[in-house]
Amino acid sequence: MGLHLLPLGPIFKGCVMKLRPILFWSHLTAGVLAGVFLFILSITGLLLTYEHAIIDVFAKSETISAPAGRAPQTADQIAGIARQRTPGAMVYMVNFENRAGAPVIVHPIGKGGLDELTLNPFTGENFAGASVGVKAFFEKVVGWHRWLGVPGIGRAITGAANLVFLFIVLSGIYLWLPKVWKWVLLRPKILFRRNAPAGKARDYNWHHVFSFWSLLPLVLIVGSAVIISYPWANAAFYRAFGAQAPKQG
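Here the structure is a predicted model, which means the values were calculated and not measured.

For the protein, the helix and strand inventory stands at nine helices and three strands. The burial tally for the protein puts 27% of its 249 residues in the buried class. Working note: accessible area of the protein is about 17,400 Å², and carbon and sulfur atoms make up 68% of it.

Judged by pairing direction, the sheet is antiparallel, and its three strands sit side by side in the order 1-2-3 without closing on themselves. Taken across any chain shown, the strands that pair with only one partner, and hence form the sheet edges, are strand 1 (89-95) and strand 3 (117-119). The mean angle between the axes of side-by-side strands here comes to 25°, regardless of whether they run parallel or antiparallel. By the bridge criterion, six bridges tie strand 1 to strand 2 (residues 104-110) in an arrangement that is antiparallel. Looking at the pairing, Tyr92 lines up with Pro108 of strand 2.

Inspection of the secondary structure assignment puts Lys135 in helix 4 (residues 130-147). Assessed through its relative accessible area of 17%, Lys135 is described here as buried. Those residues in contact with Lys135 that sit more than four places away from it in its chain are Ile55, Ile105, Glu116 and Thr118.

Another point: helix 3 (residues 75-85). For an α-helix the count is 3.6 residues per turn, leaving residues at separations of three or four pointing the same way. All buried positions along helix 3 are accounted for by Ile78, Ala79, Ile81 and Ala82. Taken end-on, helix 3 shows its buried residues confined to a sector of 160°, consistent with a single buried face. Exposed side of helix 3, more than 90 degrees from the buried face: Asp76 and Gln84 are the residues found there.

Further remarks concern helix 6 (residues 183-190). Along helix 6, the residues classified as buried are Leu186, Lys189 and Ile190. Mapping the buried residues of helix 6 onto a view down its axis gives an arc of 90°, with all of them on the same face.

A few words now on the pairing of strand 2. Taken together, the three bridges between strand 2 and strand 3 define a ladder with antiparallel strand orientation. When the sheet's bridge partners are listed, Val106 is paired in strand 3 with Leu117.

Here the protein shows a mean pLDDT of 85. Residues at 70 or above account for 90%. Across the protein, element-level confidence peaks in helix 8 (residues 215-229) with a mean pLDDT of 93 and bottoms out in helix 1 (residues 8-49) with 81.

Turning to the packing of aromatic side chains, a few remarks are in order. In total, this model carries eight aromatic pairs according to the counting rule given. Centroid distance Phe192 to Phe210: 5.4 Å. Interplanar angle 70°. Geometry classified as edge-to-face. Taken together, the residues span a long stretch of sequence, with Phe192 in the loop between helix 6 and helix 7 (200-213) and Phe210 in helix 7 at a distance of 18 residues. Considering the side-chain rings of Phe237 and Tyr238, the 5.9 Å spacing of their centres and the 85° angle between planes classify their relative orientation as edge-to-face. For Phe237, a relative accessible area of 38% puts it in the partly exposed group. The rings of Trp176, Phe212 and Trp213 are connected pair by pair, giving a single aromatic cluster. Positioned above the aromatic ring of Trp206, the side-chain terminus of Arg202 is 5.1 Å from the ring centre.

Turning next to unusual backbone geometry. If you check the backbone angles, Leu148 has positive phi at about 55° while not being a glycine. As for its placement among the helices and strands, Leu148 is situated in the loop between helix 4 and helix 5 (153-176).

What follows concerns the nonpolar core. Listed in full, the nine residues of the largest apolar core are Ile78, Ile81, Ala82, Ala89, Tyr92, Val104, Val106, Leu117 and Leu119. Counting only elements with at least two residues in this core, the list comes to helix 3, strand 1, strand 2 and strand 3. If one sorts the elements of this core by residue count, helix 3 sits on top with three residues. Leave out the neighbours within four places in its chain, and Ala82 touches Tyr92, Val106 and Leu117. Ranked by size, the runner-up nonpolar core spans six residues in total, among them Ala30, Leu38, Leu41 and Ala161.

Following both chains from N to C, one finds helix 4 and helix 5 inclined at 65°, their axes separated by 6 Å at the closest point. Contacts from His145, Arg146 and Trp147 in helix 4 reach Gly154, Arg155 and Thr158 in helix 5. Class assignment for the residues of the contact of helix 4 with helix 5 results in one nonpolar, three polar and two charged.

Rules and cut-offs
Residues numbered from 1 in each chain as written. Predicted model: local features only at pLDDT ≥ 70, side-chain atom pairs only at ≥ 80, totals over all residues. Heavy atoms only, no water. Helix = DSSP H or I, 4+ residues; strand = E, 2+ residues; numbered from the N terminus. Buried < 20%, exposed > 50% of the residue type's maximum accessible area, 1.4 Å probe, protein only. Areas by Shrake-Rupley, 256 points an atom, 1.4 Å probe, with all protein chains shown as cover. Pairing = 2+ DSSP bridges. Axes fitted to C-alpha atoms, helices over the stretch in contact; angles between N-to-C directions. Contact = heavy atoms within 4.5 Å. Arc of directions from axis to C-beta. pLDDT = per-residue confidence, 0-100. Phe/Tyr/Trp six-rings, centres within 6.5 Å; stacked < 30°, edge-to-face > 60°. Lys NZ or Arg CZ within 6 Å of the ring centre and 35° of its normal. Core = buried A, V, L, I, M, F, W, Y, C linked by side-chain atoms within 4.5 Å. Nonpolar A, V, L, I, M, F, W, Y, C, P; charged D, E, K, R; others polar.

Structure below.
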């Protein structure tokens, strides 16, 4: 009785042909469902990239004039004022900018997520300059970026959106690969077509080209977001480099 070997080549090719449409529709569906959340994360993330630069622009334009015959408060005096206003703090970091008349920033560290104080360097009173409003704005941006402005369920949604985005990137790599590696087929996936007609053909070309050139940054950004969102991903990342994830305090 002879042994008949199955032709693995056609079987493998058939599996690949079936896998491609499944991945395509999964890729498209994931992008549509998570698109709103990914758009919010992208816009807020872009704003947070320039957070410190924008705050510095407003902060450096603020100068408080010294009252007649009044010297600036010392670090001990500022710390004492901050202790009275935020008694729940365990440690205070006092930030003096090397600029005459600059507000003093105090960072109370303790339980409950205490807000920083912006004080008048001469009187110790709260200073409500433009930079304070800008900081409050970016605090809201951070809340939307991390948990869509709703702690708890929002954090779960953003974590899931990051995971879906990672699937979109990885499945997109497979869908981008040409069936035949020839320059005539590879060129429109890497370079913009000058003679591309408007509509779907142009959008198809743009989608592939932008995907190709943004692949590495997207993998790094989305991969790190998943590591931040999920403890199991964080632990797996450390195990991949032969290390143990540090315990969070």
